[in-house]
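Per-entry structural report
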Amino acid sequence: MQTKISFENLAGIQTELLAVFATDTQTAKGPDAKPQPILLTNDEKVRSAATGLLTSGEYKAGPNETVLLHSPAGLAAKRLLIVGLGKKSKSTVHAVRNAAGTAVRYTKPRAIRELTIGVPEAVAESGVTLAAEASARAVAEGAFVGNFDADTYRSERKDVSVQSLTVAAPARADQSTIRAAFNEGVVIGESQNFTRTLVNEPGNKLTPTVLGERAAQMASEVGLKSEVHSTDKLHELKMGAFWSVSQGSAEPPALIVLKYEPEGVTDGPVLGLVGKGITFDTGGISIKPADNMEKMKYDMAGGAAMIGAMRAIALLKPKVRVIGIVCAAENMPDGKAQKPGDVQTAMSGKTIEIINTDAEGRLVLADGISYARSLGATHLIDAATLTGACVVALGMINGGAFSNDDATFEKFQSALATSGEKFWRMPLADEYYDMIRSDIGDIKNTGGRWGGAITAAEFLHAFAEDTPWIHLDIAGLAWIEENKPFIAKGPSGVGVRSILEWVRSYEK
Ligand code: BES
Ligand code: MN
Ligand code: ZN
């Protein structure tokens, strides 16, 4: 999608469709409380074009509620689309991000290839004040996210997308800061979509090797260093846990390493981003039931989130060193596959008793975490579609977050306030670790049914040890089951925005 930014008056912009946002200022409740929507623009012509509609009581500016006016009086635009942000207390920058996505998804299937979105302005009587910079950024993010659909392999209706977006910001002195914020939003939205493209690929198209190629290709485009290793390197590094997952597959594993080393930064933290990259999870010998097994093509979503985050980092250039590691493998049953009861020796030297070969994510991550530490990572974050138990606990609304360090977690919490993604902190404790002690070796790879997301996190904790670390379980968030007004069903690209913001919080 082509983008440009305009500081012209909204009324004068020639465009197929002009989208503006509205907030609901009605505070009274009950059947007689007529909605009181207010447009978030001070452009008098736009406001008067919409007056009749807004006073009619038909439209209440609910979240992502849309209404379209053709040939709006006094405007150069052919159509005026009003998108609701919801109640004024809910009309945040996160609502703006979604509403921008809604505007694009409204436009997309209607053979309109170009639109203009007005950045919300502070309008006195609305009671809503949104910073123009943050809003311009959110509009860009939401618009790119909204323009993505998962229909890559359909023969027809391909490339039905919006080609050109103009973002119209209020004319003011510091246009350059708005422009910068907007450009940042474009990078973030595109990076999230890059992740979604990877997650959407089926297991036959995106093997560990292909994931490595895609990551390396991206790295060369944005100026990251990259290395993609396979079986020999796993053996050399003694990554017995990672290897044990891939040993039953005809597809070789890929150890993907992306390095971001900003010029002049030779001290301070080194952030290690570690992603689970299971390109297909059958469960292995502890094979999964057939129902919904096709979904397990998205079991590399954590790895893809790290690759997308590294792309955004390379382009936004924070002054902090970052290493991205993705442990990619296919988990298959086979004559060579690992079996329940097998004992594996991880890179750290710990021995792992395999109870269930379907608990494979933690095995590849264990060695990924050890490798990140061996490369000098001082702080770690991992992301993984790790447990069904996490989905049972939090549904498909919040991801699970775990950390061994409060200060590190607080930085992540602040990152969430910017990204708008939802993660809920879950506990770690020695008593949970006791649930995964093995009789034959150091640790076993499952702890039974209860607290399954937590015992999985404790397993990873045993490899992060006391390096400050955050674990994100995105099993419930990586795939969106139903279309929403602002995002298509399919891969969500969750994690990219929050991980990026967390990284930026370490900037020198
Ligand atoms: N990839 C799955 C977890 C998953 C479940 C992701 C649902 C997305 C949606 C993971 O490898 C797995 O199979 N976990 C097992 C662990 C169990 C055997 C201890 C699970 O959650 O059932
Ligand atoms: Mn599994
Ligand atoms: Zn898995």
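In what follows, the accompanying structure is described.

1. Observations regarding the packing of helix α3 (residues 132–146) against helix α4 (residues 175–200)
With their axes 7 Å apart at the nearest point, α3 and α4 run at an angle of 25° to one another. When the axis of α3 is compared with that of α4, the two are roughly parallel. When you trace α3 past α4, the crossing you get is right-handed. Residue composition of the contact of α3 with α4, by class: 10 nonpolar, five polar and six charged.

2. Notes on the coordination of the manganese ion (ligand 2)
Only Asp 281 (OD), Asp 358 (O), Asp 358 (OD) and Glu 360 (OE) from the protein reach the manganese ion (ligand 2) as donors, at distances of 2.0 to 2.2 Å. If you list the donors of the manganese ion (ligand 2) from N- to C-terminus, the spacing comes out as D-x76-D-x1-E. Distance-wise, the zinc ion (ligand 3) is placed 3.1 Å from the manganese ion (ligand 2), both being coordinated by Asp 281. Judged by its relative accessible area of 1%, Glu 360 is buried.

3. Comments concerning the coordination of the zinc ion (ligand 3)
At this site the zinc ion (ligand 3) is bound by Lys 276 (NZ), Asp 281 (OD), Asp 299 (OD) and Glu 360 (OE), with donor distances of 2.0 to 2.4 Å. Read N to C, the donor residues that coordinate the zinc ion (ligand 3) are spaced as K-x4-D-x17-D-x60-E.

4. Section: the environment of Val 162
Here Val 162 is to be found in the loop between α3 and β7 (164–168). The buried category is assigned to Val 162, whose relative accessible area is 1%. Sequence separation of Val 162 and Gln 26 is 136 residues, and the distance between their C-alpha atoms is 34 Å. Contact partners of Val 162, with chain neighbours within four places excluded, come to Met 1, Val 104, Thr 107, Lys 108, Ile 112, Arg 113, Glu 114, Leu 115 and Asn 147.

5. Some thoughts on the state of the cysteines
Within the structure shown, the criterion is met by zero disulfides. Summary of cysteine pairing: Cys 327 is not part of a disulfide, and the nearest cysteine sulfur, belonging to Cys 390, is at 20 Å.

6. So, the sheet that holds strand β11 (residues 321–331)
As a general point, the strands of a sheet are linked pairwise by backbone hydrogen bonds and lie either parallel or antiparallel. Pairing is mixed in the open sheet, where eight strands are placed in the order β8-β9-β11-β10-β14-β18-β15-β16. What marks the edges here is a single partner per strand, and that holds for β8 (225–229) and β16 (423–425). Ignoring which end each strand starts from, the neighbouring axes of this sheet average 20° apart. Bridge count for β8 against strand β9 (residues 254–260) is five bridges, and the pairing is antiparallel. The residue bridging Ser 226 from the neighbouring strand is Leu 258, located in β9. Lying over the sheet, helix α5 (residues 208–222) contacts β8, β9, β10 (270–281) and β11, oriented at roughly 15° with respect to β9.

7. Here we look at the site of ligand 1
Near ligand 1 there are 16 residues, and of these Lys 288, Asp 299, Asp 358, Glu 360 and Gly 388 occur at the shortest range. Within the side chain of Asp 299, a nitrogen or oxygen atom sits 2.8 Å from a nitrogen atom of ligand 1. At 2.8 Å from an oxygen atom of ligand 1 is found a side-chain nitrogen or oxygen belonging to Glu 360. Look at ligand 1: alone it shows 520 Å² of surface, and the protein chains cover 78% of it. For the shell around ligand 1, a count of residues per class yields four nonpolar, five polar and seven charged.

Conventions adopted
- Residues numbered from 1 in each chain as written.
- Chains lettered and ligands numbered in written order.
- Predicted model: local features only at pLDDT ≥ 70, side-chain atom pairs only at ≥ 80, totals over all residues.
- Heavy atoms only, no water.
- Axes fitted to C-alpha atoms, helices over the stretch in contact; angles between N-to-C directions.
- Helix = DSSP H or I, 4+ residues; strand = E, 2+ residues; numbered from the N terminus.
- Parallel < 35°, antiparallel > 145°, perpendicular 65-115°, else oblique.
- Left-handed = near helix turned anticlockwise from the far one by under 90°.
- Nonpolar A, V, L, I, M, F, W, Y, C, P; charged D, E, K, R; others polar.
- Donors = N, O, S within 2.8 Å, 3.2 Å for Na, K, Ca; no water.
- Buried < 20%, exposed > 50% of the residue type's maximum accessible area, 1.4 Å probe, protein only.
- Contact = heavy atoms within 4.5 Å.
- Disulfide = S-S within 2.5 Å.
- Pairing = 2+ DSSP bridges.
- Near = heavy atom within 4 Å.
- Polar contact = N/O pair within 3.5 Å; in protein donor to acceptor, adjacent residues only side chain to side chain.
- Areas by Shrake-Rupley, 256 points an atom, 1.4 Å probe, with all protein chains shown as cover.

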